[in-house]
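Working through the structure, step by step
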Amino acid sequence: MKKLSRRQFLKICAASGAAAGLSQLWIPALAEAFGEAAKANLPVVWIQGSACGGCSTSFINSVHPELREILSEVLDLTFHPNLGQTAAPMDTGRNHRGKFILVIEGAIPKANKGAFNIIGEDSSGNDIPLIDVVSNLGEMAGTVVAVGTCASYGGVSAVEPNVSYSVGVENLIDPGKVINIPGCPPHPDWIVGTLGHIMLYGKPDLDDFGRPKMFYGGLIHNNCPLRQYFENSIFATKAGEKGCMLMMGCKGPIAFGDCPTRQWNGSSSWCVSGNAPCIGCTDPKFPELTMPFYQKMPEISIPGISSTADNIGKVLGVATTAGVAIHFTGSLISGRLGRKNKSKEGD
Amino acid sequence: MPIVINPLNRCSRPLKILLNNHGSNAKAAEVSTTYYWDHSKTLKGKNPLDAILLSQRTNGTDFISHAIAAARALEEIAQVKIPENAQIIRNILLGLDIIYGHITHFYQYVLPDYIPIPRSGNPSGVDVDYRISSDVVEKMITHMWTSYEIRRTIHNLIALIGGKAPHVSNIVAGGVSKALSGPDAIRAKSMLRQVSDFINREYTHDIWQIKVAYRDFFNIGGWEGRLLTFGEFPQKENSNYYISPKALDESGLVNIQKSLLTVEYSGSYFEAETKGNSLKTQFRPVPDKAGGYSWTKGIVYSKQTYETGAVARMFLSGNKIIADLGTNAVSVMGRLRARLEECYRLAEQMRIWIDQLNPKERVASEFEIPKEGEAISFAESSGGSIVHCLSINKGKIDIYNIFDSYSWNICPTTYEGQRNPMERAITGIRIANNKYPIQVFRIIRSF
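Keep in mind it's a predicted model, so treat the numbers as computed, not measured.

Procedures and definitions
Residues numbered from 1 in each chain as written. Chains lettered and ligands numbered in written order. Predicted model: local features only at pLDDT ≥ 70, side-chain atom pairs only at ≥ 80, totals over all residues. Helix = DSSP H or I, 4+ residues; strand = E, 2+ residues; numbered from the N terminus. Rg over C-alpha atoms; globule rule 2.2 N^0.38 Å. Contact = placed C-beta atoms within 7 Å. Buried ≥ 20, exposed ≤ 12 C-beta atoms within 10 Å, placed from the backbone. Domains from an automatic or database assignment. Nonpolar A, V, L, I, M, F, W, Y, C, P; charged D, E, K, R; others polar. Core = buried A, V, L, I, M, F, W, Y, C linked by C-beta atoms within 7 Å. Pairing = 2+ DSSP bridges. Axes fitted to C-alpha atoms, helices over the stretch in contact; angles between N-to-C directions. Parallel < 35°, antiparallel > 145°, perpendicular 65-115°, else oblique. Left-handed = near helix turned anticlockwise from the far one by under 90°.

This part takes up the overall build of chain B. When helices and strands are counted, chain B shows 12 helices and 15 strands. Over its C-alpha trace chain B gives a radius of gyration of 21 Å, about what one expects of a compact globule, namely 22 Å for 447 residues. Once the C-alpha set of chain B is aligned to its principal axes, its extents read approximately 60 × 55 × 40 Å. Sequence-distant contacts, at least 24 apart, represent 71% of the contacts inside chain B between residues at least 6 apart.

Laid out in structure tokens, this is it:
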């Protein structure tokens with residue numbers, strides 16, 4: 001097979017499930033990516049941090065018959081070191097320094113020198129905290145992929161009072177080599193597509209929160225099949241009613257992702273098709289910011305649009321930021337400075 | 001020299017195992033979880049409705065069980081009954097979740113302890129007591145790959161009904177948010193058939209092979225065998241249980257009284273912030289707590305540890321195959337067999353449930369969540385019984401304690417010194433190779 005151009009690959013990745021013609025190319029394109037990685041002996045090390053395991057469960061759903069064996073050549077589908085193997089990822093790290101891909105699922109608790117998550121013990125019986133493994137491996141890795149909102153930004157693990165002081169990977173490792181794939185859990189395509197891009201072409205283009213633009217480029221609200229109801233001011237007030245779910249707490253207007261077009265689990269459904277609002281699980285401040293899940297976000301008065309909100313719009317190139325800002329308060333969006341802005345301010 | 005296994009992977013969360021042995025005999029054991037994973041502090045002060053979505057994030061496999069337990073807690077406080085349609089849809093979702101859990105358990109966690117699977121983490125050059133011939137092994141490895149496809153089909157089906165998987169969006173206080181349409185019901189049945197076929201052919205074949213080759217494991221991995229289930233799959237205004245709540249102790253079968261449930265945390269890394277040992281106890285995590293060895297908050301019934309899960313549900317509901325095993329039911333092979341047995345019953349039952357749905361009837365009861373109230377609710381999951389304890393104060397969550405299958409099966413050593421089922425099951429066993437104690441792996445992963 002002729003090697004795909006990056007442009008073609010991106011086009012395939014961005015294709016929705018409904019675009020059958022393109023999605024048939026999806027598996028061969030990924031198989032090529034993982035095949036290249038296997039040939040080049042480029043390993044993927046997957047480490048589970050403090051998590052529910054939903055991200056690896058979601059990822060497993062992508063194990064397509066044509067993909068699975070080739071995938072298992074570069075990635076141990078056990079997802080976690082076993083007895084006596086806590087050293088194995090370190091060996092991989094040393095042998096493939098600067099090249100291998102490190103995948104982290106789950107948050108990393110920093111409190112008490114990492115005592116809230118002990119990943120194993122060394123040959124002398126000393127505890128090995130997760131934080132040490134992530135820091136050491138992260139320093140050695142070529143690329144670090146944070147899978148899920150916990151690994152990306154802390155997520156469910158980091159909700160106040162956050163007694164374990166759980167953080168996302170970019171809090172510990174040079175954010176320059178971290179790619180965030182938030183979602184609770186993320187769509188399996190987002191994970192395999194990003195891995196495939198790294199293997200074939202290196203790091204994909206990222207938005208201001210470290211998310212690959214090819215998957216997180218659009219607002220849920222803008223591509224929602226219920227958008228017409230919003231335009232016509234028809235709002236559902238209880239489950240099962242026809243209408244936009246804004247009044248029922250939908251966070252689609254602040255959440256980025258391609259769920260409405262990509263769809264989940266066999267391309268036939270997503271949260272909103274369960275007659276439920278989007279809970280904004282790809283947001284850097286999920287779930288703290290997006291709770292209560294079933295309550296409408298506060299209104300905004302137009303003069304109150306903060307520069308931060310404008311900034312987010314500009315950076316992400318979202319044409320309808322003004323539309324979003326009109327409906328939602330600056331307080332919801334303020335404090336959501338991305339990496340670039342952070343570094344500008346010397347944060 | 002004690003044997004330390006840290007971590008043991010291929011479990012629903014990684015475990016640490018410590019065995020004080022005397023030569024090749026295990027004398028005393030400790031089994032514990034290795035990280036803080038608790039949503040009590042997260043949920044405190046939040047809107048009670050958020051518990052349904054947030055508590056699913058306790059477990060990426062048994063998420064339906066948590067959503068249902070959370071919804072039941074809210075419905076109990078409001079004293080609301082959900083429509084029968086909603087009951088049936090929840091039963092279907094929970095049945096699918098349990099089957100998903102059993103297939104994952106067998107093919108992802110258990111199987112590599114019995115046959116050599118490439119890249120499953122078993123070391124080379126160690127005698128791991130493989131007994132199945134290579135041509136059969138080859139077949140079983142093919143089945144393992146098919147199991148991933150079947151798991152995907154199950155999640156597609158869960159998503160068809162519930163929005164997406166893992167973590168569904170359709171379970172709400174009062175019922176579910178979406179009815180299953182006629183065309184979707186037909187689709188669901190055809191997907192269900194694929195799942196049933198896999199259970200009846202591949203899964204059955206593989207359990208059979210292992211059962212025959214490892215018959216001695218019907219005598220390994222047992223303990224006193226106290227079993228418990230809170231019952232599951234309510235139908236027709238809660239009157240007709242497919243599995244009724246029961247416990248089995250040394251005196252025989254007993255009915256369950258909620259008031260006899262208490263927490264056990266002395267061996268955990270949690271300290272109580274309130275007095276007593278009721279399920280409402282509020283905790284704070286203390287990683288360097290003296291005497292602590294586990295991140296699991298335990299739960300006991302009548303001050304005794306109980307085993308929960310498929311073997312408890314099948315045995316206590318009088319499933320003939322499992323009940324006929326007698327005391328051998330609570331063993332490595334008994335547990336594996338009980339999970340398969342449960343899959344048969346659920347797959348059959350789910351077709352009936354789909355036919356019982358009435359598309360014209362409503363799927364949710366409407367109600368306001370009371371500003372004050374308390375509830376203890378239950379749900380079964382593939383790995384065991386789940387208990388949620390909720391207290392609402394001034395319209396916000398004041399207390400939310402979640403107990404899952406690990407709270408039972410690896411309840412940290414009780415105040416009175418009683419050991420949990422997993423620890424009891426590995427105590428006293430003969431270990432062939434202290435460096436790679438495969439017998440211990442098989443017992444632990446059978447839960």
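The secondary structure content of chain A amounts to 16 helices and eight strands. Counting the 347 residues in chain A, one finds 54% classified as buried.

Frequently, the measure chosen for interface size is the accessible area that the parts lose on association. All names here are of chain A. The domains assigned to chain A are domain 1 (6-215) and domain 2 (221-344). Listed per partner, the contact involves 22 residues of domain 1 and 20 residues of domain 2. Residue composition of the side of domain 1 that touches domain 2, grouped by class: nine nonpolar, eight polar and five charged.

Here we take up the domain arrangement of chain B. Residue and element names in this part refer to chain B. The assigned domain composition of chain B is domain 1 (1-35 + 423-447) and domain 2 (81-223 + 330-366). Summarising the inter-unit geometry, the C-alpha centres of domain 1 and domain 2 are found 27 Å apart. The set of elements that each furnish at least two residues to the side of domain 1 that touches domain 2 consists of α11 (421-426) and α12 (438-446). Per element, the largest residue contribution to the side of domain 1 that touches domain 2 is seven residues, and it comes from α12. Broken down by class, the residue content of the side of domain 1 that touches domain 2 amounts to eight nonpolar, four polar and four charged.

Residues Ile104 and Ala146 of chain A together with Ile52, Ile99, Val311 and Ile444 of chain B are the most contacted members of the largest nonpolar core, which totals 230 residues. It is helix α4 (residues 84-110) of chain B that provides the largest number of residues to this core, a total of 14 residues. Beyond its immediate stretch of four places on either side in the chain, Ile99 of chain B contacts Ile154, Val195, Cys343, Leu346 and Ala347 of chain B.

We now examine the sheet that holds strand β13 (residues 373-380) of chain B. All names here are of chain B. Overall, antiparallel pairing links the three strands, which are arranged β13-β14-β15 in an open sheet. Two strands in the sheet have a free side with no partner beyond their single neighbour: β13 and β15 (396-403). Taken over all neighbouring pairs, the strand axes of this sheet differ in orientation by 15 degrees on average, direction set aside. Sheet analysis places β13 next to strand β14 (residues 385-393), joined by eight bridges and oriented antiparallel. Pairing of Glu374 across the sheet is with Ser391, part of β14. Lying over the sheet, helix α3 (residues 63-78) contacts β13 and β14, oriented at roughly 145 degrees with respect to β13.

Moving on, we get to the interface of chain A and chain B. Between chain A and chain B, the contact holds 57 residues from the first and 56 residues from the second. Of all the secondary structure elements, the ones that give two or more residues to the side of chain A that touches chain B are α3 (54-60), α4 (68-74) and β4 (118-121) of chain A. For the side of chain A that touches chain B, the class distribution of residues is 28 nonpolar, 25 polar and four charged.

All names here are of chain B. Two strands pair when backbone bridges link them, and strand β6 (residues 227-229) and strand β7 (residues 246-249) are joined in this way by three bridges, in the antiparallel orientation. The residue of β7 that forms the bridge with Leu227 is Leu248. One ladder, built from three bridges, connects β7 with strand β8 (residues 252-254); its direction is antiparallel. Among the inter-strand pairings, Ala247 is bridged to a residue of β8, identified as Val254.

The subject of this paragraph is the packing of helix α1 (residues 6-14) of chain A against helix α9 (residues 188-201) of chain A. When two helices pack together, their arrangement is given by the angle between their axes and by how far apart the axes lie. Residues and elements named next belong to chain A. The geometry of α1 relative to α9 is characterised by a closest axis approach of 11 Å and an angle of 180 degrees between their N-to-C directions. As the angle between them shows, α1 and α9 are arranged roughly antiparallel. On α9, the residues touching Arg6, Phe9 and Cys13 of α1 are Gly193, His197, Leu200 and Tyr201. Here the residues of the contact of α1 with α9 are counted per class, giving four nonpolar, two polar and one charged.

Residue and element names in this part refer to chain A. On the secondary structure map, Ala107 appears in the loop between β2 (101-105) and β3 (108-109). Given 33 C-beta atoms within a 10 Å radius, Ala107 is considered buried. Considering only alpha carbons, one finds Ala107 and Ala29, 78 residues apart in sequence, at a separation of 31 Å. With residues near it in sequence (within four places) discarded, Ala107 still touches Gly49, Ser50, Cys150, Ala151, Gly154, Gly155, Ser157, Ala158, Ser166, Val167 and Gly168.

A few words now on unusual backbone geometry. Residue and element names in this part refer to chain A. Going from Cys184 to Pro185, the amide bond is cis rather than trans, its omega being 0 degrees. Here Pro185 lies in the loop between β8 (178-181) and α9. Here the phi dihedral of Asn41 falls at roughly 55 degrees; this positive angle occurs in a residue that is not glycine. With respect to the secondary-structure elements, Asn41 resides in the loop between α2 (20-39) and β1 (44-48).

Residue and element names in this part refer to chain A. Sheet architecture is open: four strands sit in the order β1-β2-β6-β8, paired in parallel fashion. With partners counted over all chains shown, the strands left at the sheet margins are β1 and β8, one partner each. If you compare each strand with its neighbour and ignore which way they point, the axes differ by 20 degrees on average. Here β2 runs beside strand β6 (residues 143-147); their pairing, made up of five bridges, is parallel. Each bridged residue has a counterpart across the sheet, and for Ile104 the counterpart in β6 is Ala146.

All names here are of chain B. Running from amino to carboxyl end, α4 crosses helix α9 (residues 332-356) at an angle of 150 degrees, the nearest separation of the two axes being 9 Å. In this view, α4 runs roughly antiparallel relative to α9, as classed from their interaxial angle. With respect to the hand of their crossing, α4 and α9 are arranged in left-handed fashion. Along the contact surface, α4 presents Ile88, Asn91, Ile92, Gly95, Ile98, Ile99, His102, His105, Phe106 and Val110, while α9 presents Leu336, Arg339, Glu342, Cys343, Leu346, Ala347, Gln349, Met350, Trp353, Ile354 and Gln356. Classifying every residue of the contact of α4 with α9 by side-chain character gives 13 nonpolar, six polar and two charged.

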